[in-house]
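Listed below, chain by chain, are the residues.
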Amino acid sequence: MYEYQDIKNLLKPQRTIGASAQLRQRIDEASVNKRAGSGRTVWRRTGAAAACAAMVMGATMLFNNRLSRSANESACIVYVAGKQASDNEAKTIAEADVAKMEQFMQTVAQQNAIEQEKVNQFMQHKPSQQ
């Protein structure tokens, strides 16, 4: 009977495991640095996605503008992946590209929010006192 109690006592945790104040400070400083760096990365990605969306929309508007001006003069010929496409097909492709860019921007924003929440939860975790 005493052996069982001795084994049970040996298996109990001998000390509380938790992050020291120094480790918490290092993590806090690293997360501040990461947030500053990741903010720039997010802005770069968002800027690149917005630029792509603007180019697609600009090309679509230019294409539509030229079509409306020259509708009476001659037909506009558009090639997509080496094949001739109609104006409706080109417009559909441009709209699909814009939708993809918007979806990409939303995905990046969601991933950044998830990662930030993980950092916040880790920083707020406190070891239990026994």
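Calculation notes
Residues numbered from 1 in each chain as written. Predicted model: local features only at pLDDT ≥ 70, side-chain atom pairs only at ≥ 80, totals over all residues. Heavy atoms only, no water. Helix = DSSP H or I, 4+ residues; strand = E, 2+ residues; numbered from the N terminus. Buried < 20%, exposed > 50% of the residue type's maximum accessible area, 1.4 Å probe, protein only. Salt bridge = Lys/Arg side-chain N within 4 Å of Asp/Glu carboxyl O. pLDDT = per-residue confidence, 0-100. Polar contact = N/O pair within 3.5 Å; in protein donor to acceptor, adjacent residues only side chain to side chain.

1. Focus: the overall build of the protein chain
- Looking only at helices and strands, one finds three helices and two strands in the protein chain.
- Counting from the amino terminus, helix and strand elements in the protein chain follow one another as α-α-β-β-α.
- When each of the 130 residues of the protein chain is scored for burial, the buried share is 11%.

2. Quick look at the pattern of salt bridges
- Counted under the stated rule, the structure contains one salt bridge.
- The salt bridge involving Glu 115 is made with Lys 118; its shortest N-O contact spans 3.6 Å. In this pair, Glu 115 and Lys 118 both sit in helix H3 (residues 87-124), three residues apart, roughly one turn of the helix.

3. Details of the confidence of the model for the protein chain
- Averaged over every residue, the pLDDT of the protein chain is 75; the share at 70 or more is 77%.
- The least confident element of the protein chain is strand S1 (residues 78-80), whose mean pLDDT is 71; the most confident is H3, at 85.

4. Brief notes about the side chain of Thr 60
- Inspection of the secondary structure assignment puts Thr 60 in helix H2 (residues 21-70).
- Overall, Thr 60 belongs to the buried group, its relative accessible area being 17%.
- Only 2.8 Å separates the side chain of Thr 60 from the backbone oxygen of Val 56, close enough to count as a polar contact.

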